[in-house]
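Each chain, letter by letter, is given below.
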Amino acid sequence: MKDTPLSNCERDFLLKAIEEKKRLDGRQTYDYRKMKITFGTDYGCCFVDLGKTRVMAQVSCELVAPKESRPNEGIMFFNIELSPMASPAFEQGRQSELSVKLNRQLERCLRNSKCIDTESLCVVSGEKVWQIRVDVHLLNHDGNLMDAASIAAITALCHFRRPDVGIQGDEVTVYSPEERDPIPLSIYHMPISVSFSFFQQGTYLLVDPCEREERVMDGLLMIAMNKHREICSIQSSGGIMLLKEQVMRCSKIASVKVSEITELLNKALVNDKKARKEGGRCGFAESLPQERITALKMEETSVEMTDATERAKDIVQKADARPQKVPSPVVPVPGVGQVGQGLQNTWGLEEDEDDEEEAEECDSGEEQEEAVTKMEEERHEKEASGEV
């Protein structure tokens, strides 16, 4: 199913607003949407909300044979799933051009930047290594998928814990979390992607474009950078020519945004670690009371509960006394019945018909009595004439 295209009026309105440095959601040119990072019950499950864009990342691991070219290194595998639940433009079970592009960009951002120590994933050289798989599921699409996916993936990798292993001769033993504490991954740095959209052949620039702004943009520039201001990957799409000054300007903006996002990411990880250590509610169980599983946003309304009992008593006292006996309803027109305890069960139309039938029966009874009386008189007269 194809997505609904923008009309010419909507397109002109968006471009005119961008020229006047205004955006649909009231943000400034270089502002990000509100970002929220939450974690699941298990290690390695992360939810990222970027405005109305919602992404879930899940990290898993298994022991496999290493590649022949790199026998001492573990394997990193990334997969992005675009579900029709997120947008009607996505098709189930079929890789689109967008999913392939996002997958390659995520691999360049995380795997090619060497942010994870793959040598620490080796168990037995040339025989057993850990394969780390990162599955990114798009739950709702409202633009800037790459930024949300990269944040969710690196946060899930930082949150993930792999099982501990023991080696005795040729035997490899994998311990459960109850036997030994899981081990976190060795992460050198955290690359985060920042997207810039260009309009009117590069004249106007926006950070974190929403879904409608992506439809009218002329080009897109994605810069993956860490907090040390090291560029991990850069990709331009859309077919527009960018000047060196524009790219340098975007990289300076990206360094500021990456520092802010990294600080938020570390704070979320510390809060989750503290909650799990104290034995508090976290992940799926913690999100149930706030109904954050099925709702993107929930507005809380404050309710004044002071002196509620006294107010209730005053209202009851001031209220009118309840009548002891309910008055009998009156049937206004024929054809309306009343049924109830202590009430007469009547139907107006049937009562009229019964009266007419009784009147007809009375008339017919009187006629029969008169006929019988006449017959008796005639018989008496004949008997009297016979005796004479």
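Residues numbered from 1 in each chain as written. Predicted model: local features only at pLDDT ≥ 70, side-chain atom pairs only at ≥ 80, totals over all residues. Heavy atoms only, no water.

The name given to the chain in an unreviewed UniProt entry is Exosome complex component RRP45, with the source organism recorded as Cyclopterus lumpus. The Sequence similarities (unreviewed entry) field of the UniProt record for the chain holds the comment "Belongs to the RNase PH family." (UniProt positions renumbered as here; feature names shortened; annotations may be inferred.)

Bringing the packing of helix H3 (residues 145-159) against helix H5 (residues 244-278) into the picture now. Following both chains from N to C, one finds H3 and H5 inclined at 35 degrees, their axes separated by 11 Å at the closest point. The two elements H3 and H5 meet at a crossing, and its hand is right-handed. Across the interface between the two elements, Ile 151, Ile 154, Thr 155, Cys 158 and His 159 of H3 pack against Ile 261, Leu 265, Leu 269, Asp 272 and Arg 276 of H5. Residue composition of the contact of H3 with H5, grouped by class: six nonpolar, two polar and two charged. (Axes fitted to C-alpha atoms, helices over the stretch in contact; angles between N-to-C directions. Helix = DSSP H or I, 4+ residues; strand = E, 2+ residues; numbered from the N terminus. Left-handed = near helix turned anticlockwise from the far one by under 90°. Contact = heavy atoms within 4.5 Å. Nonpolar A, V, L, I, M, F, W, Y, C, P; charged D, E, K, R; others polar.)

A word on empty space enclosed by the protein. A full pass over the atoms with the stated rule returns one cavity of 30 Å³ or more. Within this model, the largest cavity holds a volume of roughly 50 Å³. As for the largest cavity, its lining consists of Val 55, Ile 80, Leu 82, Leu 102, Val 136, Leu 138, Leu 145 and Ala 149. When contributions to the lining of the largest cavity are tallied by element, the ones reaching two or more residues are strand S4 (75-82), strand S6 (128-140) and H3. In the lining of the largest cavity, the residues fall into eight nonpolar, no polar and no charged. (1 Å grid on protein atoms, 1.4 Å probe; cavity = no way out; pocket = protein on both sides within 12 Å on 5 of 7 lines; lining within 4 Å. Points joined across faces, edges and corners; volume = space filled by probe spheres on them.)

Attention now moves to a negative patch on the surface. Where like charges cluster on the molecular surface, the negative patch consists of Glu 376, Glu 377, Glu 378 and Glu 381. Among the structural elements, Glu 377 can be located in helix H8 (residues 348-387). Overall, the relative accessible area of 46% leaves Glu 377 in the partly exposed class. (Patch = residues over 30% accessible without salt bridge, like charges linked within 9 Å, V, L, I, M, F, W, Y side chains within 5 Å. Areas by Shrake-Rupley, 256 points an atom, 1.4 Å probe, with all protein chains shown as cover. Salt bridge = Lys/Arg side-chain N within 4 Å of Asp/Glu carboxyl O. Lys, Arg positive; Asp, Glu negative; His and termini not counted. Charge placed at Lys NZ, Arg CZ, Asp CG, Glu CD. Buried < 20%, exposed > 50% of the residue type's maximum accessible area, 1.4 Å probe, protein only.)

Two strands pair when backbone bridges link them, and strand S11 (residues 192-199) and strand S12 (residues 204-207) are joined in this way by four bridges, in the antiparallel orientation. By the bridge assignment for S12, Phe 199 is matched with Tyr 204. From the end of S11 to the start of S12, which pair antiparallel, there are four residues, and Gln 200 there has a positive phi angle of about 55 degrees. (Pairing = 2+ DSSP bridges.)

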